[in-house]
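So you can see what is in the structure, the chains are spelled out below.
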Amino acid sequence: MTSTVTRPPVVPRPLDREARRNKARFYDRPGWFSYALLGVFFLAAVFPLWWSFVMASRQASDINAVPPVVIPGPNFFANVMKAFATVDFAKALLNSIIISGTIAIAVVFFSTLAGFAFAKLKFRGRNPLMVTVIATMAIPTQLGIIPLFMIVSQLKLANSLWAVIIPGLVSAFGVFFMRQYLVDTIPDELIEAARMDGASMWGTFWHVAVPAARPAMAVLGLFMFMAAWTDFLWPLLVLGPKNPSVQTALAALAASGGHTPDYSMVLAGAVISIIPLLILFLLAGKQLIAGIMSGAVKG
C-alpha cells in the first residue's frame, strides 16, 4: 500500500522593500507614449491659436497658400489698426469687459448665496425649489428670446448694456454648482459653532461659507466671464451697431468686405479679443486649479 506524501504549499518569495518601491516608481512614472499623446493634444489645442496669429500678421491672400504658412509675417499691427478703423473695436472691448465682468461678479455672488441657502439652511420647500431651479436648465435659451426681447423693448433698454447685463445676473447652473460644492465642503457643526458664538446668518455666510467656497467661486466666475464674453446672439439682437460687443464687432468686421472678407483683419480682431481671456486665465489660474482639484478629490 502506497502512502501519499503531502507537500507544503510553495510560498512565493516576497519582494523586498526596495524592489517593491522601485516597482511602484516604475508604474507611477509616465512613459514615452504618455508624453507623445500629451504632445499631440497640446499641438492640436494650440495650433488654431497659432495659425490665427500667423494669418493675422500676413496678407489675406496667404490664407490659401499651399503649403500652409506657419511663420508670422510683418503685418499684424497694420491689420489691427485696420480692424480698429473699420469698426469701433475699442468701444466693443470696453463694452464686453463691462458686461462680462458685471455678469461674472453678480452670478458668483447670487449663486454662492443661494447655494449656501439650499445646501445648509433648512426651510420649507427647499427641495421642490431646488428641483425647479434645475428644471429651468432643461429649457433652451432660444425659447425665451422673443418674450425677453419684448420685455426689454417695453422697458426701453434696447441698445443699452443693461439689456445684456440684467438677463444674465442670475444663473441656474451657478446655483446648482455652488450648492453641490457647499454641501460637503462646510460641516454642519461649523455653522452651529458660528451661530453659538453669536454670528448672524449673514455673518456666518460671509465668514464661513465665502472662504470655503473661494475655489469654486473662481471656477464659476471664470466660466461665467467666458460665457458672457463669447455670447453673440443676444447682444446682436439688443445692441445696435454703434454700441457693439466684441462678438458683434467681429461679425461686422467679417461683413465689411462684402463677398470677399479681409480674413487677416478679422483674425487680427479675433486675436485681440482673446487677450483678456488669457489675462484672466493667468490671474485666476491658481484658484482654478485649486477648485478643480478639490472637486476631484472630494468623496
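Analysis parameters
- Residues numbered from 1 in each chain as written.
- Predicted model: local features only at pLDDT ≥ 70, side-chain atom pairs only at ≥ 80, totals over all residues.
- Heavy atoms only, no water.
- Helix = DSSP H or I, 4+ residues; strand = E, 2+ residues; numbered from the N terminus.
- Polar contact = N/O pair within 3.5 Å; in protein donor to acceptor, adjacent residues only side chain to side chain.
- Salt bridge = Lys/Arg side-chain N within 4 Å of Asp/Glu carboxyl O.
- Buried < 20%, exposed > 50% of the residue type's maximum accessible area, 1.4 Å probe, protein only.
- Axes fitted to C-alpha atoms, helices over the stretch in contact; angles between N-to-C directions.
- Parallel < 35°, antiparallel > 145°, perpendicular 65-115°, else oblique.
- Left-handed = near helix turned anticlockwise from the far one by under 90°.
- Contact = heavy atoms within 4.5 Å.
- Nonpolar A, V, L, I, M, F, W, Y, C, P; charged D, E, K, R; others polar.

Chemist: Help me out: how do you make sense of the side chain of Ser100 in this one?
Modeler: Assignment of secondary structure puts Ser100 in helix α4 (residues 89-120). Side-chain polar atoms of Ser100 contact the backbone nitrogen of Trp229, separated by 3.2 Å.

Chemist: So what exactly am I meant to see when it comes to the pattern of salt bridges here?
Modeler: Note that side chains of opposite charge can pair when their charged atoms are close. This model, assessed by the stated rule, comprises three salt bridges. The salt bridge partner of Asp262 is Lys82, with a shortest N-O separation of 3.1 Å. Residue Asp262 is located in the loop between α13 (246-255) and α14 (263-297), and its partner Lys82 is located in helix α3 (residues 76-86); the two are separated by 180 residues in the primary sequence. The exposure class assigned to Lys82 is partly exposed, which follows from its relative accessible area of 37%. Residue Lys120 is joined to Asp188 by a salt bridge in which the shortest nitrogen-to-oxygen separation is 3.0 Å. Residue Lys120 is found in helix α4, and its partner Asp188 is found in helix α9 (residues 188-196); the two are separated by 68 residues along the sequence.

Chemist: I'm lost on the packing of α9 against helix α10 (residues 201-212) in this one. Help?
Modeler: To characterise two packed helices, one gives the angle between the axes of the helices and the distance between these axes. Their axes nearest at 10 Å, the elements α9 and α10 cross at an angle of 130°. It follows that α9 is oblique to α10 by the angle criterion. For the element pair α9 and α10, the recorded crossing hand is right-handed. Here Leu190, Ile191, Ala194 and Arg195 of α9 lie close against α10, whose contacting residues are Met201, Thr204 and Val208. Here the contact of α9 with α10 is composed, by residue class, of five nonpolar, one polar and one charged.

In short, geometric facts, not functional conclusions.
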